[in-house]
Amino acid sequence: MADASTLAALRAAAFAAMDNAYAPYSKFRVGAALLTTDGQIVTGCNVENAAYPAGTCAERAAVGAAVVRGLRAFTHVVVATEASTPTPPCGMCRQVLHEFAPGCVVLSVTRGGAEAEWPLADLLPYAFEPSSLRDA
Ligand code: THU
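What this report covers is the structure whose coordinates are included nearby.

Each value, and the rule that gives it
- Residues numbered from 1 in each chain as written.
- Predicted model: local features only at pLDDT ≥ 70, side-chain atom pairs only at ≥ 80, totals over all residues.
- Heavy atoms only, no water.
- Helix = DSSP H or I, 4+ residues; strand = E, 2+ residues; numbered from the N terminus.
- Rg over C-alpha atoms; globule rule 2.2 N^0.38 Å.
- Buried < 20%, exposed > 50% of the residue type's maximum accessible area, 1.4 Å probe, protein only.
- Contact = heavy atoms within 4.5 Å.
- Near = heavy atom within 4 Å.
- Polar contact = N/O pair within 3.5 Å; in protein donor to acceptor, adjacent residues only side chain to side chain.
- Areas by Shrake-Rupley, 256 points an atom, 1.4 Å probe, with all protein chains shown as cover.
- Pairing = 2+ DSSP bridges.
- Axes fitted to C-alpha atoms, helices over the stretch in contact; angles between N-to-C directions.
- Right-handed = clockwise from strand over helix to strand, strands pointing away.
- Core = buried A, V, L, I, M, F, W, Y, C linked by side-chain atoms within 4.5 Å.

1. What to know about the overall build of the protein chain
Alright, step 1. Along the backbone of the protein chain there are four helices and five strands.
Alright, step 2. Start at the N end of the protein chain and walk to the C end: the helices and strands fall as α-β-β-α-β-α-β-β-α.
Alright, step 3. Taking 2.2 N^0.38 as the reference for a compact globule, 136 residues should give roughly 14 Å; the C-alpha atoms of the protein chain span a radius of gyration of 14 Å, in line with that estimate.
Alright, step 4. Seen along its three principal axes, the alpha-carbon backbone of the protein chain occupies a region of about 45 × 40 × 30 Å.

If you want it as structure tokens, here you go:
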């Protein structure tokens with residue numbers, strides 16, 4: 001379990017990433033911060049596009065940023081928004097997080113100070129995963 005100061009740094013990193021979100025269409029800014037098993041923090045934000053389906057969520061941007069740095073193991077992901085209630089990750093992001101960190105904890109935080117926490121395994125039970133391919 002991450003200590004309080006690490007979690008505070010992770011929250012701050014997620015909000016800083018949210019501040020850079022490019023969300024002119026939805027106006028729903030999201031930041032994500034991953035904590036790697038070796039204590040590094042990697043962030044992402046949502047990046048929308050005029051061709052709407054080309055947009056990317058914050059969590060998947062963070063996973064991509066981590067993987068390109070050779071970081072593939074995460075213990076926590078913090079999702080930061082300006083919503084009134086903490087938002088859970090979308091289904092596609094749950095799947096992408098599961099690929100690298102099926103045991104991670106998702107902490108969702110809002111500017112207003114509301115928080116919710118879930119094990120990823122509760123958000124995506126019976127996931128399709130790398131081992132699922134072996135049965136094909
Ligand atoms: N979004 C995320 O960044 N993460 C999620 O888990 C849910 C949704 C973004 C996508 C889009 O830019 C905006 O929020 C509204 O759906």
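2. Topic: the side chain of T36
Alright, step 1. Tracing the backbone shows T36 in strand β1 (residues 30–36).
Alright, step 2. Exposure remark for T36: the relative accessible area of 3% places this residue in the buried category.
Alright, step 3. In contact with T36, other than residues within four places in its own chain, are V42, L71, A73 and F74.

3. What about the site of the ligand?
Alright, step 1. Near the ligand, the surroundings consist of S26, F28, V30, N46, E48, C57, A58, E59, P89 and C90.
Alright, step 2. Note that an oxygen atom of the ligand is positioned 2.9 Å from one of the side-chain N or O atoms of N46.
Alright, step 3. Look at the ligand: alone it shows 370 Å² of surface, and the protein chains cover 74% of it.

4. Regarding the sheet that holds strand β2 (residues 41–45)
Alright, step 1. Pairing is mixed in the open sheet, where five strands are placed in the order β2-β1-β3-β4-β5. The sheet terminates laterally at β2 and β5 (115–119), the two strands that pair on one side only. Each neighbouring strand pair of the sheet contributes to a mean axis angle of 15°, computed without reference to strand direction.
Alright, step 2. Here helix α2 (residues 58–68) sits on the sheet and contacts β1, β2 and β3 (74–81); the angle it forms with β2, its principal contact strand, is near 135°.

5. Observations concerning the pairing of strand β4 (residues 105–110)
Alright, step 1. Burial runs high along β4: six of the six residues are buried.
Alright, step 2. When β3 meets β4, the two strands line up parallel, connected through six bridges. Following the sheet pairing, V77 is matched in β4 by V106.
Alright, step 3. A crossover links β3 with its parallel partner β4, the connecting element being helix α3 (residues 91–100), and its sense is right-handed.

6. Considering the nonpolar core
Alright, step 1. Counting 18 residues, the largest nonpolar core has L34, A66, F74, V77, L97 and V106 as the members making the most contacts within it.
Alright, step 2. Elements represented by at least two residues in this core include exactly β1, α2, β3 and α4 (120–123).
Alright, step 3. Top contributing element to this core by residue count: α2, with four residues.
Alright, step 4. Grouped together as the second largest cluster of nonpolar side chains are 13 residues, L7, M18, A33 and L35 included.

7. Comments concerning the environment of Y52
Alright, step 1. Inspection of the secondary structure assignment puts Y52 in the loop between β2 and α2.
Alright, step 2. Here Y52 falls in the exposed class, since its relative accessible area comes to 60%.
Alright, step 3. Residues Y52 and Y25 lie 27 residues apart in sequence; the distance between their C-alpha atoms is 8.3 Å.

8. What about the environment of E115?
Alright, step 1. Mapped onto the secondary structure, E115 falls in strand β5.
Alright, step 2. Counting along the chain gives 28 residues from E115 to T87, while the straight-line C-alpha distance between them is 9.0 Å.
Alright, step 3. If we skip the residues at most four places from it in the chain, E115 touches R11, P86, L107, S108 and V109.
Alright, step 4. A distance of 2.6 Å separates a polar atom in the side chain of E115 from a polar atom in the side chain of R11.

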